[in-house]
Every structure is written in structure tokens, then in C-alpha cells.
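Coordinates in review
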Amino acid sequence: MNTKKILAIFMCMLVLTLIPVAAGAAVEEKEPETTDIGVTYIRGIITKPQLVNGGHDITFRCIWVHYNTRGIGEKQSGFLHLFQKLTLKNDFIGVVGLGPMKHFIFARFPGQLEL
């Protein structure tokens with residue numbers, strides 16, 4: 001076969017594999033939310049935290065974060081990683097990216113973390 005024909009067939013196969021991506025078949029990530037009941041303990045390594053919504057919320061990306069959530073008769077724990085974005089209320093008790101510990105979090109947040 002001619003080299004141009006082989007290259008054309010290869011390009012057509014490549015374009016056919018990209019159709020689902022172009023049609024919007026990408027998976028959307030759900031951001032974690034909090035409820036008003038319960039408490040969440042968070043500790044780990046984060047990116048630079050920022051205040052949002054006029055200082056009512058704090059947002060950061062999780063490099064490697066361990067969380068424990070306790071609600072009414074329910075306990076949950078796990079890890080957040082790979083720069084997953086997390087937005088929580090700004091009424092925490094603890095340390096979130098202050099001073100020499102700019103990329104660490106050790107805090108207790110009111111509310112239950114729901115993933």
C-alpha cells in the first residue's frame with residue numbers, strides 16, 4: 001500500500017477515537033459539600049488557602065488530606081488527594097496555612113463532609 005493511504009487510515013482511526021471526548025462524554029467531578037449537623041476533622045497537606053464569598057468560606061486544593069466526619073449515628077473517614085478542590089465554612093478551630101506552615105491543615109470544621 002501507499003504510505004499516504006496508510007497515514008490516512010491511521011488519521012481516520014485517531015479521529016474516530018476522539019468522537020466521545022468531543023461530544024462531551026467527559027466525567028464531571030462532584031465537589032465535596034458540608035451539612036450543618038456533625039463535625040469534620042481535617043489534617044494534611046494543601047495548596048495555598050483562599051477566602052471566598054466575602055470571607056465566609058475558605059477554599060483550597062488537597063495534595064494529601066485525611067478527614068474524619070462524625071454525624072448523628074454516622075462516621076466516615078477517607079482521603080482527598082490529586083488537587084481535589086475543597087470549600088468549607090470559615091469558622092474552623094485549628095491551623096489552616098498560617099505562618100511557616102503555609103501548606104498544612106490541622107483543623108476542626110463544623111458540619112459533616114459529604115462526598
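Residues numbered from 1 in each chain as written. Predicted model: local features only at pLDDT ≥ 70, side-chain atom pairs only at ≥ 80, totals over all residues. Heavy atoms only, no water.

1. Overview of the nonpolar core
General note: in soluble globular proteins, nonpolar side chains tend to be found buried as a group. Of all hydrophobic cores here, the largest spans 15 residues; its most connected members are Ile42, Leu86, Leu88, Ile105 and Phe109. When contributions to this core are tallied by element, the ones reaching two or more residues are β2 (39–46), β4 (57–71), β5 (74–89) and β7 (101–110). With 5 residues, the single largest contributor to this core is β4. Excluding residues that lie within four positions of it along the chain, Phe109 makes contacts with Val39, Thr40, Ile42, Ile58, Leu88, Lys89, Phe92 and Val96. (Core = buried A, V, L, I, M, F, W, Y, C linked by side-chain atoms within 4.5 Å. Buried < 20%, exposed > 50% of the residue type's maximum accessible area, 1.4 Å probe, protein only. Helix = DSSP H or I, 4+ residues; strand = E, 2+ residues; numbered from the N terminus. Contact = heavy atoms within 4.5 Å.)

2. Some details on the pairing of β7
As paired elements, β2 and β7 share 7 bridges and run antiparallel to each other. Within the sheet, the bridge partner assigned to Tyr41 lies in β7 and is Arg108. Here strand β6 (residues 93–98) folds back onto β7, and the loop between the two strands holds 2 residues, one of which, Gly99, carries a positive phi near 55°. (Pairing = 2+ DSSP bridges.)

3. Section: the environment of Lys89
As for its position among the elements, Lys89 is in strand β5. Note: C-alpha distance between Lys89 and Val52 (37 residues apart in sequence) is 9.6 Å.

4. Thoughts on the side chain of His66
Tracing the chain through its elements places His66 in strand β4. The exposure class assigned to His66 is buried, which follows from its relative accessible area of 18%.

5. Thoughts on the environment of His56
Of note, His56 is situated in the loop between β3 (50–52) and β4. Judged by relative accessible area, which is 59%, His56 ranks as exposed. Placed 35 residues apart in sequence, His56 and Asp91 show a C-alpha to C-alpha distance of 8.0 Å. Those residues in contact with His56 that sit more than four places away from it in its chain are Lys89 and Asn90.

6. Quick look at the confidence of the model for the protein
On average, the protein scores 82 in pLDDT, and the residues at 70 or more come to 83%. The weakest mean pLDDT in the protein belongs to strand β1 (residues 33–34) at 62; the strongest belongs to β2 at 92. (pLDDT = per-residue confidence, 0-100.)

7. Some thoughts on unusual backbone geometry
Phi at Asn53 takes a positive value of approximately 55°, unusual for a residue other than glycine. Note that Asn53 resides in the loop between β3 and β4. Residue Asn53 is classed as exposed on the basis of its relative accessible area of 52%. Phi is positive for Phe83, close to 60°, though the residue is something other than glycine. Mapped onto the elements of the fold, Phe83 is located in strand β5.

8. Regarding the side chain of Thr40
In this structure, Thr40 sits in strand β2. A polar side-chain atom of Thr40 sits 2.7 Å from the main-chain carbonyl oxygen of Gly111. (Polar contact = N/O pair within 3.5 Å; in protein donor to acceptor, adjacent residues only side chain to side chain.)

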